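# Analysis of the macromolecular model
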Amino acid sequence: KEYTDGWHLIGPPVVPWDDVLVENFTGSFGTWGAEWVAYDVSGTYDNLTLTLGEGYYVALALPELLTQRGNPVIADPDCNDYGALTGAACSDNSFASADIGVDKGWNLIANPLVNKVSKETFDITDVNGVTKAFDDAVDAGWIAPTIYGWFENSYESIDRIMPFGGYFVNTSRPLTLKIRPHLFED
């Protein structure tokens, strides 16, 4: 993924080969602290781990090309939430690793998949195991209807999350966002 110099919201679209953020990004961005720096949502910049589904602020001194190594989230098509509930045979592969746990308030997330995903397809689960479609979760007051991404030096409302992107979501309670691949109408 190509990035200009300046600030970006970034997240891994694959399970990273190593969970040390600096180790993952140094090969692409150069010298930590001199050519780039990263922060998590709480402002921590030292000893960061790179976690699937988590977003990071990254500042680049120069335009760079990020290469991310790791394993994509894959699943057996018969092993989805429906298959698991109905007793369908499931392998060890499921989309559970694409679930993102969020806390009450603002959360900096990242797309855990290698393809774009419409926010309208998110399933939202509360701590009691109740699951609602995105629009229903918005109506119930669980999650704000607007998800923010960073575009050309400002926050913008987005309709879909993209690989390598970081996004802000606001929730009224701890939730799990179930991010799943889907087909777009176009």
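My aim in this report is to walk through the structure given alongside it, one point at a time. This one's a predicted model, so the numbers in the text were calculated from it and none came from an experiment. (Residues numbered from 1 in each chain as written. Predicted model: local features only at pLDDT ≥ 70, side-chain atom pairs only at ≥ 80, totals over all residues. Heavy atoms only, no water.)

A few words now on the sheet that holds strand S9 (residues 105-110). The four strands lie next to each other as S9-S16-S13-S14, forming an open sheet whose pairing is antiparallel. Of all strands in the sheet, those bounded by a partner on one side alone are S9 and strand S14 (154-158). Direction aside, neighbouring strands of the sheet carry axes that sit 35° apart on average. Sheet analysis places strand S13 (residues 147-151) next to strand S16 (residues 166-171), joined by two bridges and oriented antiparallel. The residue bridging tyrosine 148 from the neighbouring strand is phenylalanine 168, located in S16. (Pairing = 2+ DSSP bridges. Helix = DSSP H or I, 4+ residues; strand = E, 2+ residues; numbered from the N terminus. Axes fitted to C-alpha atoms, helices over the stretch in contact; angles between N-to-C directions.)

In this section: the sheet that holds strand S8 (residues 99-102). Strand order in the open sheet made by the four strands is S8-S17-S11-S12, with antiparallel pairing throughout. In the strand order of this sheet, the two ends are held by S8 and strand S12 (131-133), each with one partner. Within this sheet the neighbouring strands show an average axis-to-axis angle of 25°, counted without direction. Judged from the four bridges that link them, S8 and strand S17 (residues 175-178) form a sheet pairing that is antiparallel. The partner of glycine 101 across the bridge, within S17, is threonine 176.

What follows deals with the packing of aromatic side chains. Applying the stated criterion across every chain, the model contains 13 aromatic pairs. With centroids separated by 6.1 Å and ring planes inclined at 35°, the aromatic side chains of tryptophan 7 and tyrosine 39 adopt a geometry described as tilted. Of this pair, tryptophan 7 sits in strand S2 (residues 6-10) while tyrosine 39 sits in strand S4 (residues 36-39), placing them 32 residues apart in sequence. Using a relative accessible area of 43% as the deciding quantity, one classes tryptophan 7 as partly exposed. With a centroid separation of 5.8 Å and an interplanar angle of 65°, the aromatic rings of tyrosine 39 and tyrosine 45 are classed as edge-to-face. For tyrosine 45, a relative accessible area of 47% corresponds to the partly exposed category. Put simply, the rings of Tyr57, Trp106, Tyr148, Trp150, Tyr155 and Phe168 pair up and form one aromatic cluster. Directly above the ring of tyrosine 3 sits lysine 1, whose terminal nitrogen or CZ lies 5.6 Å from the centroid. If you follow arginine 69 out to its NZ or CZ, it ends over the ring of tryptophan 17, 4.4 Å from the centre. (Phe/Tyr/Trp six-rings, centres within 6.5 Å; stacked < 30°, edge-to-face > 60°. Buried < 20%, exposed > 50% of the residue type's maximum accessible area, 1.4 Å probe, protein only. Lys NZ or Arg CZ within 6 Å of the ring centre and 35° of its normal.)

We now examine the pattern of salt bridges. According to the stated counting rule, one finds one salt bridge in the structure shown. Between aspartate 99 and arginine 180 there is a salt bridge; the shortest N-O distance is 2.8 Å. Taken together, the residues span a long stretch of sequence, with aspartate 99 in strand S8 and arginine 180 in the segment after S17 at a distance of 81 residues. (Salt bridge = Lys/Arg side-chain N within 4 Å of Asp/Glu carboxyl O.)

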